[in-house]
Amino acid sequence: MDFNMIRHAMQMQSMSLLDGNSKPELQSQSRGDSVFQALLQSFLTPSGQAQAFQSENSRQTGPILTSLNAFEPAGPIHISSSVPEEPGPVEVNVEDDQLNQYIKEAAEENGVDELLVRAVVKAESNFDPNAVSPAGAQGLMQLMPETAKGLGVGNSFDPKENVMGGVKYLKQMMDRYDGDQKLALAAYNAGPGNVDKYGGVPPFEETRNYVGKILG
């Protein structure tokens, strides 16, 4: 608000009131009154205030805030609706056609992802039907003797029997953990007791590496 302009207009009005008999002075009074009223009106009305505010802020950089745009965002807001995908089994090629057929049949019979079965066989034995671990696990899917017996596997070194038994056990773990591949694989490697104990993948380096190797 320019108070100097208002003060000047008030001075002109006061001077015009000193002598009310002179016509020029009456004309001056009339002009003073008009200027004073115009200035006063401009600062009393919203439009006048807005113009004065904008005039003052025109010297500043950046957009002028008003009651209409003060809370508007500076730019468009982008919200991503995409959901990260769960990791899947790595793709493994089986050169042995007969073994590949065993894997396919076992996967279909038990309703397990064929890619997952291939990845498990790769991680367990690297497709060696005669593999034996230091702990005593045997065959393509490294079945412990007691586990193999419970699954109805008579000979763990028979590729077809071993794959059928191993996929059957993997399916049991999938069902136990509601289809969660990560937990099912952790249970296949470390046992369901450890998965239940820790409420997830056990903190064993071997098990964590095993799950990561299969799911990528």
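Draft legend 1. Layout of the overall build of the protein. The number of helices and strands found in the protein is 10 helices and zero strands. For the protein, the sequential pattern of α-helices and β-strands runs α-α-α-α-α-α-α-α-α-α. Across the 216 residues that make up the protein, the buried fraction comes to 32%. Carbon together with sulfur atoms contributes 52% to the accessible area of the protein, which is approximately 14200 Å² in total.

Draft legend 2. Seen up close, helix α7 (residues 159–176). Helix length check: α7 (18 residues) gives 26 Å between terminal C-alpha atoms against 26 Å at 1.5 Å per residue, within 8%. Listed as buried for α7 are N162, V163, G165, G166, V167, Y169, L170, M173 and M174. Turning to α7, the residues buried within the fold contact α4 (97–110), α5 (114–125), α6 (145–150), α8 (181–190) and α9 (192–198). You can read the cap of α7 off the contacts: a side-chain oxygen lies 3.2 Å from the backbone nitrogen of K160, and it is on D158. Positive phi shows up at D178, right after α7, with a value of about 55°.

Draft legend 3. Summary view of the packing of α5 against α8. Running from N to C, α5 and α8 cross one another at 35°; their axes reach a closest spacing of 13 Å. Seen from above, α5 lies across α8 with right-handed handedness. Between α5, through L116, V120 and E124, and α8, the contact on the second element is made entirely by Q181, L185 and Y188. Tallied by class, residues from the contact of α5 with α8 come to four nonpolar, one polar and one charged.

Draft legend 4. Structural context of the packing of aromatic side chains. Taken as a whole, this structure holds two aromatic pairs when the rule is applied. Centroid distance Y169 to Y188: 5.4 Å. Interplanar angle 55°. Geometry classified as tilted. Placement of Y169 in helix α7 and of Y188 in helix α8 is noted, with a sequence separation of 19 residues between them. Grouping residues by exposure puts Y169 and Y188 together as buried. A ring pair is formed by Y198 and F204, whose centres lie 5.7 Å apart and whose planes are at 85°; its orientation type is edge-to-face. What makes Y198 partly exposed here is its relative accessible area of 39%.

Draft legend 5. Quick look at the side chain of N162. Considering the arrangement of structural elements, one finds N162 in helix α7. Within the local environment of N162, its side chain forms a polar contact with the backbone oxygen of S156, the two atoms lying 2.7 Å apart. Apart from the residues within four sequence positions on either side, N162 is in contact with Q138, G139, L140, M141, Q142, L143 and S156.

Draft legend 6. Layout of the environment of G150. Summarising the element assignment, G150 is placed in helix α6. The exposure class assigned to G150 is exposed, which follows from its relative accessible area of 68%. Each C-alpha atom of the pair G150 and G165 lies 9.2 Å from the other, and the pair is 15 residues apart in sequence.

Draft legend 7. Structural view of unusual backbone geometry. Even without being a glycine, N126 presents a positive backbone phi close to 55°. Inspection of the secondary structure puts N126 in the loop between α5 and α6. Overall, N126 belongs to the partly exposed group, its relative accessible area being 47%. Backbone geometry places D178, a non-glycine residue, at a positive phi of 55°. By secondary structure assignment, the location of D178 is in the loop between α7 and α8. Looking at D178, the relative accessible area reads 74%, which means it is exposed.

Parameters at a glance
Residues numbered from 1 in each chain as written. Predicted model: local features only at pLDDT ≥ 70, side-chain atom pairs only at ≥ 80, totals over all residues. Heavy atoms only, no water. Helix = DSSP H or I, 4+ residues; strand = E, 2+ residues; numbered from the N terminus. Buried < 20%, exposed > 50% of the residue type's maximum accessible area, 1.4 Å probe, protein only. Areas by Shrake-Rupley, 256 points an atom, 1.4 Å probe, with all protein chains shown as cover. Expected span 1.5 Å × (residues − 1). Contact = heavy atoms within 4.5 Å. Polar contact = N/O pair within 3.5 Å; in protein donor to acceptor, adjacent residues only side chain to side chain. Axes fitted to C-alpha atoms, helices over the stretch in contact; angles between N-to-C directions. Left-handed = near helix turned anticlockwise from the far one by under 90°. Nonpolar A, V, L, I, M, F, W, Y, C, P; charged D, E, K, R; others polar. Phe/Tyr/Trp six-rings, centres within 6.5 Å; stacked < 30°, edge-to-face > 60°.

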